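# A look at the structure
Okay, here's what each chain looks like letter by letter:
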Amino acid sequence: MHPAQPPSNAPVGLPQPPSFPKNPLASATAPSFNSQFQPAMQNLGNQLGNMSMRPDSAPQMPLVQQAPRGPSGLPSPSSLPQFAAAPLSKPAPALSNVPLPQQSRAPQFAPVQTNGNGTIRPSSSMPAFPNAAAPQSLPSTPNPGGLPVKFPQPPRFANGPSVLPSPTLPQPAPTGPKLPQQFSQPDLTAQSWAPPGIVNGHTDHSAPSAPGPHAAPSFAPPHAAPNAPAPGPLMRYQYGGVAQPQATQTAPQSVPNYAPQAPNQQGLQSPFSALQQPAAGGYQPAGYGGATDGYAAPGAMGQQNQFQGAPPGMFPQTGQAGGQQYGAPATSPLNTFGGAPMMNGPPQFMGPGAAAPATSPMGEGLNPEGGRLVNLMHSRNILPPDGPEIPRQPMRNRDYAPPENCSPEIFRCTLNAIPKSPALLSKSRLPLGILIHPFKDLSTLQVLTCTTIVRCRACRSYINPFVMFVDQQRWKCNLCDRTNDLPHEFFHDPVTHTVGDASRRPELRTATIEFIAPQEYSLRPPQPAIYVFLLDISFNAIESRYLESFCERLSTCLERLPGDARTQIAFIAFDSAIHFFQLESDWRMLTVADIEDVFLPTTDGILIRLHENISAIRELLNRLPGMFRTQRDTHSCTGAAIQAGYKLLTPTGGRITVMQTGLPTIGPGALKAREDPNMRAAKDIKNLTPATDFYKTLALECSEHQVTVDLFLLAGQYSDLASLGGISRYSAGCVHYYPGYNAVTNPAQLERFEVELTRYLQRKIGFEAVMRVRCTNGLSMHTFHGNFFVRSTDLLSLPNINPDAGFAVQIKLDETLNHTNSVCFQAALLYTSSKGERRIRVHTLHCPVTDSIGDVFACADQEAIACFIGKIAAERALSHPMAEVRDGVVYACEDALSSFTQVARNQGNQLLSPYSLRLVPLFTQALLKNFGLRIGVSTTLDLRTYFLLHIKAAPLFEEMILIYPHLYPVHDILHATEFLNADEGIPKLPRLQLSYEQIDLRGVYLLEAALHMILYVGKGVSSEFCRDVFDCLTYEQIIDRNTVLPELDNETSRRVRSFVLSRYAARPLHPVLEVIKEDSKDRLIFLQYLHDDRLESTSAYYEFLTQLSQKIKAS
């Protein structure tokens, strides 16, 4: 039996969300929003402060434009932007950069309004027709059941506005001057009805998929010219031949699908199941998306229909024009955004003649999917099983295939639709920035060798797929609008070695390309690959037994070090003195005891050719561990050793690798212990700032001479990474941290060190590099984040560049972008390869410009926003109070949702978000629980500092794992039907939210975090799984904290191992795989990563949403 349907005239109420107990720790654990944190808002919310450590910092700009705040520290209601509902019709877009005269544009018509009998009634808002009489009312067409037929929404044509579907409309005579033929609008008379999909770059949900008895004929504006040519002389370049106009295509007709909606992705029963039961006639009304999918009601409530076989909403009982919900009374609590409903799944087409709900301003623009509304308070399981979706390139005209954009793994923008004006960006309160992974390892990369690299003469940007061609010989720069000439060489195809069409050039086909640079890009002969290793041999280092592992790994990788025949290598050991190893002639060690004024004892035999002396190098590596086995010197002169390596590399440049196991205690850069173990869980985190500027100053000197310093900290005690890390931060180096390292007592850290060191020695490297980031006129680079030295406002000095380095750039919108409808960002990396070639790798990112606040929200990239805010917060936390930084992170999230709430006209107990930003609160709350930013939980200073440095310099994919680790149900691996790689048998498992409610006592789960890869085993795991995967008969026989996964001859073992190995292959770092049982004493290692739950003094995700909702309502 199905529950009775509500009467058609009864208001449909929205069921209330489940009640949750009030958080007793809210005031103590969650971020506070009162007025005492107003300075935090000004600091982090408005750019989160200056880069005080940057040697030549530029004036800073706000990260998010803040509205004036009241005494409570929150935006005052009067200061928040107010928005009206978007109009139902839009003017036709301009066909070129030359605006059309006003008289030549198609007239605007109001939406159809009907009387009670279904006939059209006059509207006071309907404009008068020029030079023509007003249209006559259409006759009423009653259906067999006696109900008047509602006419559908007016069709939207490919290059014109929405018009009345009236066959009797007179044709107004054209007025005004006659347009030139190249600026005439294309013929609209050939347009036909199209199914919901692509029409004029928008998703049209109002037009039926096939002409029906009530379908209206198409209507052509009076000035439409048949067979209109291409719009103007400036055209987007098309591949494979001559430039083509943007032609529209008639969408194929299709039959509407009236099948019931599929269950939600978790397959759970919705709490609103009473609204989802099949109605009479076998059709299921569109209902609410319950607590598992988080989408609220669509506009057409499925009511009892009088007609068997008619889909709900085809003949609505109620409905008004102007965006009112159809099928629901005016007082219905259904939430609207600009007159559009919150959707459960993609927008639904109701069928021919259906009175479809009005389209959301966010849903009909550049990204319809991102504009759907989500009520976060009803969205418990909001993370998609496939993880956050990768944003697609927004398109205005979906009949035109634009050039392929830069890969989102390399180049991301926080806003994929750039606000047209600074005021619009301020209204959105969203950060505008880009994230770049410039030297990422790529499986396919187009490499060109050419004598002339085509660049703009004005801004020096590189030709790319998004430029415009004025004619066959000239192109217009997409950054500065300068017209440039094409060299004759550009018409030569380097692939086919033929001369002809320039469109076949690789520069115009791919947004990522690499050039082998000619001689003019080198100021000196390319440097060879030079590696200097500084080895700590103090008492702590010998006790940790790291030398054995280091020497064994390096000896294995000697032939695979990046380089050529010129590659050179050197070794320097240090304790309270500095020991140089001379290998070229007689093998001997030279010791320098004067560490206050470091000098090189000789220049011969210390820096030697690798391939010419590989036998002597291997002999040294074999003898080093035993040479200092009786070492009792507890001092460490790290600063002096780095100075010695710097002096050795000053003439050429190169890379210094430092192996450090403790606190530098003697010589230049000596440090003292500053950590108080009793204050590790305090809310006021101190001593994150460097104790001395020695390492920063030395790093800047190294950067000037093309020297990078990488740090491996294998520490069993406090080592003041906050001070030591400066040597890598400002020389474009990297930091690796292994807490509690001991080769004997901690085999997990030993394995992690050996694997990461092997990858470090063999990975690709670029020397004497610089990176310049350019953007379209009207935008400017404001602040950079990462490990580098800034030479000028847009030039980064990178003595070394590695594939694991990521950067973020804050973008400033200087002026209104009236001169363009799109912007481009271009990052050019000039470097010397390990083979001695000077190369340029160019990445170009294209984004449209919009004047719609809805498009700004709908095209936001939630992962990029979370990572961008994380990088700013990490850099800020190294020099400012932690409470101020945490409150700034919360304010950034609160401001974005508060701005959207004003747009969406929130009602009742709701916290609304666009679909494109629905995960930002989840990531924000997880970021506050990250090791670097968390408070109230015991965290060592070195571990906190390492995570802050790692967030600051990691690429987007790695940073997202730092913010929100991955959780997979491994026990379901035999039931996996999809494969990441079918040939290798790698199954595809769904991602779970980080909450213990996702954990089944009979399950086994893989948690992938920054430092850990945990296989969590529940007590009720089946004996079959224990036997097939762990080679144990029962749960009790599984070894806790085991780091070895046996390789067994069965399908379950093969799938589990292949899935774990695939996760390692996708990571630059190597977290240690450990088995943790449910009753283990160390289960807190696993539980601390469940960010959605309350743990110790941290709040749960739903409590965080409640606090956000309360503060937004009070603002």
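Quick caveat, the model's predicted, so the values are computed rather than measured. (Residues numbered from 1 in each chain as written. Predicted model: local features only at pLDDT ≥ 70, side-chain atom pairs only at ≥ 80, totals over all residues. Heavy atoms only, no water.)

## Details of the overall build of the chain
Across its full length, the chain carries 21 helices and 38 strands. Within the chain, contacts between residues separated by at least 24 positions form 76% of all contacts whose residues are at least 6 apart in sequence. Just so you have it, the chain exposes about 42,600 Å², and 53% of that area is on carbon and sulfur atoms. (Helix = DSSP H or I, 4+ residues; strand = E, 2+ residues; numbered from the N terminus. Contact = heavy atoms within 4.5 Å. Areas by Shrake-Rupley, 256 points an atom, 1.4 Å probe, with all protein chains shown as cover.)

## Digging into helix α7 (residues 638-649)
The end-to-end C-alpha distance of α7, which contains 12 residues, comes to 17 Å, matching closely the 16 Å that a straight helix rising 1.5 Å per residue would cover. Extensive coverage of α7 is indicated by the burial of 11 of its 12 residues. Those residues of α7 that fall on the buried side of the exposure criterion are T638, G639, A640, A641, I642, Q643, A644, G645, Y646, L648 and L649. (Expected span 1.5 Å × (residues − 1). Buried < 20%, exposed > 50% of the residue type's maximum accessible area, 1.4 Å probe, protein only.)

## Re the environment of A577
Mapped onto the secondary structure, A577 falls in the loop between β18 (568-574) and β19 (578-582). Residue classification places A577 among the buried positions, given a relative accessible area of 10%. The sequence separation of A577 and A640 amounts to 63 residues, and the corresponding C-alpha distance is 8.7 Å. Beyond its immediate stretch of four places on either side in the chain, A577 contacts T591, V592, A593, I595 and C637.

## Looking at the sheet that holds strand β37 (residues 1012-1017)
If you walk across this open sheet you meet the 4 strands as β33-β36-β37-β38, and the pairing is mixed. Lying at the two open borders of the sheet, with one neighbouring strand each, are β33 (966-969) and β38 (1072-1077). Mean inter-strand twist for the sheet, computed between neighbouring axes without regard to direction, equals 20°. Strand direction decides the pairing type here: β33 and strand β36 (residues 1004-1008), joined by 4 bridges, are antiparallel. In the strand pairing of β36, L967 is matched with L1007. Strands β33, β36, β37 and β38 of the sheet are contacted by helix α19 (residues 1051-1065), whose axis makes an angle of about 10° with β36. (Pairing = 2+ DSSP bridges. Axes fitted to C-alpha atoms, helices over the stretch in contact; angles between N-to-C directions.)

## Description of unusual backbone geometry
Residues apart from glycine generally show negative phi values, whereas peptide bonds are mostly found in trans. A positive phi angle is found at R545, which is not glycine, with a value near 65°. Structurally, the position occupied by R545 is in the loop between α4 (539-544) and α5 (546-557). The class for R545 is partly exposed, based on a relative accessible area of 39%.

## Considerations on the sheet that holds strand β26 (residues 779-785)
By way of backbone hydrogen bonds, the strands of a sheet pair with one another, either parallel or antiparallel. An order of β7-β9-β29-β26 is seen for the 4 strands of this open sheet, with the pairing classed as antiparallel. Both edges of this open sheet fall to β7 (411-413) and β26, since each of them pairs with a single strand only. Between one strand axis and the next, the sheet turns by 25° as a mean value, whatever way the strands run. The pairing of strand β9 (residues 433-436) with strand β29 (residues 807-813) spans 4 bridges and is antiparallel. The residue of β29 that forms the bridge with G433 is Q810.

## Description of the packing of helix α15 (residues 920-928) against helix α21 (residues 1101-1114)
Between α15 and α21, the least distance of the axes is 10 Å, while the angle of their chain directions is 110°. As summarised for this structure, α15 and α21 are arranged roughly perpendicular, according to the angle between their axes. For α15 against α21, the interelement crossing comes out right-handed. In contact with P921, L922, T924, Q925 and L928 of α15, α21 contributes Y1101, F1104, L1105 and L1108. Broken down by class, the residue content of the contact of α15 with α21 amounts to 7 nonpolar, 2 polar and no charged. (Parallel < 35°, antiparallel > 145°, perpendicular 65-115°, else oblique. Left-handed = near helix turned anticlockwise from the far one by under 90°. Nonpolar A, V, L, I, M, F, W, Y, C, P; charged D, E, K, R; others polar.)

## A few points about the pairing of strand β25 (residues 766-775)
Two faces, one strand: in a regular strand the side chains alternate between the faces of the sheet. Among the 10 residues in β25, 9 count as buried, and that is most of the element. Of the strand pairs in this sheet, β25 and strand β28 (residues 795-801) are connected by 6 bridges, and their pairing is antiparallel. Across the sheet, M771 pairs through a bridge with L796, a residue of β28. In the sheet, β25 pairs with strand β30 (residues 822-833) via 8 bridges, with the strands oriented antiparallel. From the neighbouring strand, R774 faces β30, where its bridge partner is Q826.

## Some remarks on helix α13 (residues 862-877)
For α13, spanning 16 residues, the distance from its first C-alpha to its last is 22 Å, which sits close to the expected 22 Å at 1.5 Å a residue. Within α13, 16 of the 16 residues are buried, leaving the element largely enclosed by the surrounding structure. For α13, the capping residue at the N-terminal end is D861, with a side-chain oxygen 3.2 Å from the backbone nitrogen of E863. (Polar contact = N/O pair within 3.5 Å; in protein donor to acceptor, adjacent residues only side chain to side chain.)

## Looking at the side chain of T945
For T945, the position within the fold is in helix α16 (residues 941-953). On the accessibility criterion, T945 (2% relative accessible area) is buried. Here the side chain of T945 touches L941 through a polar contact of 2.7 Å, landing on its backbone oxygen.

## As for the packing of aromatic side chains
Per the stated rule, a full pass over the model turns up 22 aromatic pairs. Residues F788 and F807 carry aromatic rings whose centres are separated by 6.3 Å and whose planes lie at 45° to one another, so their mutual orientation is tilted. One end of the pair, F788, is in the loop between β26 and β27 (789-792); the other, F807, is in strand β29, with 19 residues separating them in the sequence. Between K696 and the ring centre of Y730, over which it is positioned, the NZ or CZ distance is 5.4 Å. (Phe/Tyr/Trp six-rings, centres within 6.5 Å; stacked < 30°, edge-to-face > 60°. Lys NZ or Arg CZ within 6 Å of the ring centre and 35° of its normal.)

## Some points on the pairing of strand β23 (residues 707-713)
Most of β23 is tucked away, with 7 of its 7 residues classed as buried. Side chains V707, V709, L711 and L713 project from β23 onto one buried face, and the interleaved T708, D710 and F712 project onto a second face that is buried too. Inspection of the sheet shows strand β22 (residues 654-660) paired to β23 by 7 bridges, in the parallel sense. Bridging from a neighbouring strand, R655 pairs with T708 of β23. Crossover handedness for the path β22 to helix α8 (residues 694-704) to β23: right-handed. Both β23 and strand β24 (residues 735-737) contribute to a ladder of 3 bridges, which runs parallel. Following the sheet pairing, L713 is matched in β24 by Y737. (Right-handed = clockwise from strand over helix to strand, strands pointing away.)

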